Amino acid sequence: MADRSVLVTGGTGGLGAAVTATFRAAGWRVVVPGRAARAGSEPAADGVVRVTADLTDPTDVAHAVEAATGDSSAPLRAVVNLVGGYASGGLVHETPIEEFERMLTLNLRPTYLVTQAALPHLVAAGAGAVVCVSARAAVAPFPGASGYVTAKAAVLAFANAVAVEYRARGVRCNTVLPSVIDTPANRAAQPDADHSRWVSPAEIAPVIHFLASAESAPTSGASVPVYGRA
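Residues numbered from 1 in each chain as written. Predicted model: local features only at pLDDT ≥ 70, side-chain atom pairs only at ≥ 80, totals over all residues. Heavy atoms only, no water.

The next subject is the overall build of the protein chain. Along the backbone of the protein chain there are seven helices and eight strands. Computed over the C-alpha atoms, the radius of gyration of the protein chain is 17 Å, within 12% of the 17 Å expected from 2.2 N^0.38 for a compact globule of 230 residues. Looking at the protein chain as a whole, 43% of its 230 residues are labelled buried. Across the protein chain, the fraction of contacts at a sequence separation of at least 24, relative to all contacts at a separation of at least 6, is 66%. (Helix = DSSP H or I, 4+ residues; strand = E, 2+ residues; numbered from the N terminus. Rg over C-alpha atoms; globule rule 2.2 N^0.38 Å. Buried < 20%, exposed > 50% of the residue type's maximum accessible area, 1.4 Å probe, protein only. Contact = heavy atoms within 4.5 Å.)

Here it is as structure tokens:
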């Protein structure tokens, strides 16, 4: 029986499936919110608790966190913020504000809302970890994606703020910065790229698990590059 829970947003995506499997294999109770989830909060066949939630909506987020904290025998000990997305476009003067703000809504808003709702529970438990996913673009921008670059930089800054604010309360917050993740969607979008240089979900997932686990207890405020050979 699992003795601790983790809330994994974006747990059904290309990276999320690997992260979810890694935590399950390590004995965690895994709660995965998503819009396409089953109704209510029922254990799925693979042992993952799936919760229907729009993570841009505070009420739905509260419902997801309630499910994550609903088993007293497996208290919430970690939050993994994977949900996000990418869109390219023109240069800044060619990018409508609506497209720019969409990247903030998709990448930053769920990370903020989920972390905000989970923090009181982690603080009450006296210990816990939050892991966020930014991107290499946050520290090494490229042209044509100002909204994405800004949103991922904001995720990194937010995670660092959480690390500072909650260090004395026993809650840690760290960030991983992938390059291009080797997923079917990214391969389809970049068919001519050298996919062997990309980092796979199976390589990133153990890093995220380490940052969420007690083995990384001294570490908070870290920005961990997971670039593969890209």
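Still more ground to cover, so stick around.
When its volume is computed, the largest pocket comes out at roughly 1,100 Å³. In terms of lining residues, the largest pocket is bounded by 43 residues, among which Leu82, Gly84, Gly85, Tyr86 and Ile181 are the most central. Elements with a contribution of two residues or more to the lining of the largest pocket: α1 (14-25), β2 (29-34), α3 (97-107), α5 (146-166) and α6 (184-189). Around the second largest pocket, the lining comprises 13 residues; the ones closest to its centre are Arg77, Gly128, Ala212, Ser213 and Ala214. Sorting the residues of the lining of the second largest pocket by element identifies β6 (128-133) and α7 (201-212) as the ones contributing at least two each. Looking at the lining of the second largest pocket residue by residue, the classes come out as five nonpolar, four polar and four charged. (1 Å grid on protein atoms, 1.4 Å probe; cavity = no way out; pocket = protein on both sides within 12 Å on 5 of 7 lines; lining within 4 Å. Points joined across faces, edges and corners; volume = space filled by probe spheres on them. Nonpolar A, V, L, I, M, F, W, Y, C, P; charged D, E, K, R; others polar.)

So, on to the pattern of salt bridges. Throughout the structure, instances matching the rule amount to four salt bridges. Of the charged contacts in the structure, one is a salt bridge between Asp3 and Arg4, with a shortest N-O distance of 2.7 Å. Assessed through its relative accessible area of 24%, Arg4 is described here as partly exposed. (Salt bridge = Lys/Arg side-chain N within 4 Å of Asp/Glu carboxyl O.)

To continue, consider the packing of aromatic side chains. Counting across every chain of the model gives four aromatic pairs. Both rings, one in Phe23 and one in Trp28, keep their centres 5.1 Å apart while their planes meet at 85°; by these two values the pair is edge-to-face. Exposure remark for Phe23: the relative accessible area of 0% places this residue in the buried category. Take Trp28: its relative accessible area is 2%, and that puts it in the buried class. Between the aromatic rings of Tyr86 and Phe142, the centroid separation amounts to 6.4 Å while the plane-to-plane angle is 45°, which identifies the pairing as tilted. Here Phe142 lies in the loop between β6 and α5 and Tyr86 lies in the loop between β5 (76-81) and α3, a separation of 56 residues in the sequence. Classification of Phe142 as partly exposed rests on a relative accessible area of 36%. Ring-pair connections join several aromatic residues into one group, and the members of that group are Tyr86, Phe142 and Tyr148. Arg136 extends its terminal NZ or CZ atom over the ring of Tyr227, reaching a point 4.7 Å from the ring centre. (Phe/Tyr/Trp six-rings, centres within 6.5 Å; stacked < 30°, edge-to-face > 60°. Lys NZ or Arg CZ within 6 Å of the ring centre and 35° of its normal.)

Soluble globular proteins: nonpolar side chains tend toward being buried together. In this structure, Leu7, Val31, Leu76, Val79, Val130 and Cys173 are the most contacted members of the largest nonpolar core, which totals 28 residues. When residues of this core are assigned to their parent elements, the largest contribution, six residues, is made by α5. Setting aside anything within four residues of it in sequence, one finds Val79 in contact with Val6, Leu7, Val114, Ala118, Leu122, Ala129, Val130 and Val131. Core analysis: the next-biggest nonpolar cluster, separate from the first, contains 24 residues, Ala18, Val80, Ile181 and Val226 among them. (Core = buried A, V, L, I, M, F, W, Y, C linked by side-chain atoms within 4.5 Å.)

Functional significance is not addressed by these values, which are geometric in nature.
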